[in-house]
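Okay, here's what each chain looks like letter by letter:
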Amino acid sequence: MDKDRILQELKKGASSWNNWRKRHAIGEINLDGIELDSVNFDEYDLSKVSLRNARVTRCSFKYADLILANLQYSDLQNNDFSHSKLIAANLGNCDLSGSVLFLANMLTANTRNARLENIDFRGHDISGLMLRDVSLAGSNLEGQQLARVDLTNSNLQGVNLQGADLANTLFTGANLTNADLRGATLSGAIFKSANLSGVDLNGMDLHKADFTAANLSHCDLRNANLSKTKLAGTNITGAKLWKITTAGWAIANIECSYAYWDKSGKEKTVYRNHEFERIFAEAITIELRYPYRLADHELATLPIFIDHLAAVHWGTILRLKSISDVAGGALVKFVVEEVGSHNPTELKNQLQSEAERIQLAQLMLRTNTQLHLQLKEKVGAIREEFWPRLLELAADHEKDQVRNLTILFMDLKGFSKWRDDELSEKLSLFRGLVKPILKKWAAGHPNMEGDSLRVTFTNATAGLSCACMMRNVLRAAGFELRIGVELGEVAVIHNEVTDIADLEGVAVSMAARMEAAAEAGEVLVSHRVRHYAERSDLFKFIPRRVPLKKSIGTIEQGEYIECFAVEATKNLQDTLV
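Everything quoted here is computed from the prediction, not taken from an experiment. Just so you know, the residues in each chain are numbered from 1, in the order the chain's sequence is written. Residues qualify for local features only when their pLDDT is at least 70, as the model is predicted, and side-chain atom pairs are given and counted only at 80 or more; totals for whole chains, interfaces and linings, by contrast, use all residues. Hydrogens are left out, water is left out, and the side-chain values use all remaining heavy atoms of the structure.

Asker: Lay out the overall build of the chain in plain terms, naming residues and giving numbers.
Answerer: Counting its secondary structure elements, the chain contains 14 helices and 15 strands. Residue burial is assigned from relative accessible area. The probe radius is 1.4 Å, only protein chains are included, and a residue is buried under 20% of its type maximum, exposed over 50%, and partly exposed in between. Taking all 577 residues of the chain together, 47% fall into the buried category. In the chain, once contacts between residues fewer than 6 apart in sequence are set aside, the share between residues at least 24 apart is 37%. A residue counts as positive if it is Lys or Arg and as negative if it is Asp or Glu; His and the chain ends are not included. Charge coordinates come from a single atom per side chain, which is NZ of Lys, CZ of Arg, CG of Asp or CD of Glu. Between the mean site of the 67 positive side-chain charges and the mean site of the 73 negative ones, the chain shows a separation of 3 Å. By the criteria applied, helices consist of DSSP H or I runs no shorter than four residues and strands consist of E runs no shorter than two, each listed in order from the N terminus. Contacts between residues were defined by any pair of non-hydrogen atoms, one from each residue, lying within 4.5 Å.

Asker: Give a detailed account of the sheet that holds strand β6 (residues 317-326), specifying residues and quantitative values.
Answerer: When DSSP finds two or more bridges between two strands, those strands count as paired. The strand order across the open sheet built from three strands is β5-β7-β6, with neighbouring strands paired in antiparallel fashion. Strands at the two margins of the open sheet, each flanked by one partner only, are β5 (284-291) and β6. Neighbouring strand axes in the sheet, compared pairwise and without regard to direction, differ in orientation by 20° on average. Of the strand pairs in this sheet, β6 and strand β7 (residues 329-338) are connected by nine bridges, and their pairing is antiparallel. Axis definition: a line fitted to C-alpha atoms, over the contacting stretch in the case of helices. Angles run 0 to 180 degrees between N-to-C directions.

Asker: Explain helix α11 (residues 460-476) to me, and be specific about the residues and the numbers.
Answerer: Residue pairs three or four apart in sequence face the same way in an α-helix, which turns once every 3.6 residues. In this scheme, a helix's expected span is set at 1.5 Å multiplied by one less than its residue total. With 17 residues, α11 should cover 24 Å at 1.5 Å per step; its first-to-last C-alpha distance of 24 Å lies within 8% of that length. By the criterion of burial, α11 is predominantly enclosed, with 12 of the 17 residues buried. We call two N or O atoms a polar contact when they sit within 3.5 Å, provided that within protein one can donate a hydrogen and the other can accept it, with sequence-adjacent residues counted only if both atoms are side-chain atoms. You can read the cap of α11 off the contacts: a side-chain oxygen lies 3.2 Å from the backbone nitrogen of Thr 461, and it is on Asn 459.

Asker: Go over the side chain of Gln 72 with me, naming the residues and quoting the values.
Answerer: Looking at where Gln 72 falls in the secondary structure, it is placed in the loop between β2 (55-57) and β3 (258-260). With relative accessibility at 18%, the residue Gln 72 sits in the buried group. Residue contacts for Gln 72: discarding those within four places in its chain leaves Leu 51, Arg 52, Asn 53, Asn 90 and Gly 92.

Asker: Just give me the short version of the environment of Arg 475, but keep the residues and values in it.
Answerer: Structurally, Arg 475 can be placed in helix α11. Judged by relative accessible area, Arg 475 falls into the partly exposed class, the value being 43%. When sequence neighbours within four positions are dropped, the list of residues in contact with Arg 475 reads Met 470, Ala 520 and Gly 521. Side-chain polar atoms of Arg 475 contact the backbone oxygen of Gly 521, separated by 3.2 Å.

Here you go:
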């Protein structure tokens, strides 16, 4: 039918139009490409009308019948569809942004690639709509029941999802920047490759949520539950992480240049490439299954097995975690305690592959009787033949390894003023007092020259506890001292002059610089040491700003650095008495 005739009938009002449609048994009404503005279509029967590529704006469709209407690719912005029937309507690729859809019935409507931006959906159930590849930017979805709904590649920028049920909802590739998720249920939700940059997730339960390869940079994750959350390949640079729960989280290849662990989210902790993963990832576990049971020779060669894996991956330290019976055989687990400077994810794959290769050689011995007997004889004589050599190799094996250690430098004040006749006696007393303290706190790599001391610890809490105890004991004996403590990557090298293991690295130099900058009786530590030690509630950290007496890296002599003076709390003082 002629489009002009149809338009003339439309202008006569709803009653006339609806009667006209009843009197004329016409087929599809084609209004494709029409342009209308500010027209009243309240209560019109527009079912099966084709409005493809139309431009219809600021019109009223209250209580209108748009069942099976074809609105593909149309510009339908800022219209009022209150109480209208959009059942099975084709809204594919159309733009309904700014429209009112209050109590509109959109059952089975096609919304693929539609723009539904800046729409208030409160009181409207959209869970049955096709929301994949849809733009809902700026819309109000407060309290929506969207559990398990597919929102893949949808634009949810600035959307209000307060109190919405989003459990197990699929957000793969979605844009959620500036979205409001307060009070929403997010457990089990899939956010693979989604963009949540800057989103407030404070206190949220993200248990078992999947953020693989997502962008969580600058998110507020304070108090969030990240247990069993997948964060592989996720960018969390600039995130606030105070009091997060991390049991069982997966952070392979996570990206984090810096983060904020303090309550206020203002104190930046900087990380090198892969350092965040090396520090916070669950320990790498290598598993090997043996058919039937673990043979005697296989059990006896496990220490050699571990040594081999560590030797081909410099800087790693492995230990045997467990041997257990499983269906059809035995399960052997090795755990990696130190990953050195390796990428943890790549290291796991490499170690697993190498372990499986060596295991095949072990299993070959089950059928090679002659070689099996020879190995058995050698293992029986290991104490006499191999043990002394292994002790020699231990020192060589430590060379050039990179470890994450806490380094303590201490220096006695006034040493140069001691008289010759008292020097030897005072140094003897000093060493006698220090030795049992170092033993108590399991200090490693000790190096003492005159009145100065350098030692390492495997964790910051032990290092600061040792520093506080030394200060208490030496002060009581009349000594004045200064202590500097830093934590970071340290290379264990062979000193060609002393012919013993030595340490090098920025962390070593920084500990020495802080010791030199400390006042008498003061223990100075870095932000990194405070971050790892303050969780124990054993120490008080007092902000200090001190000038460097010697340049280090890009920091010139005389420039000021931010650090902390440490005092023991009552909890620690009670243990040091």
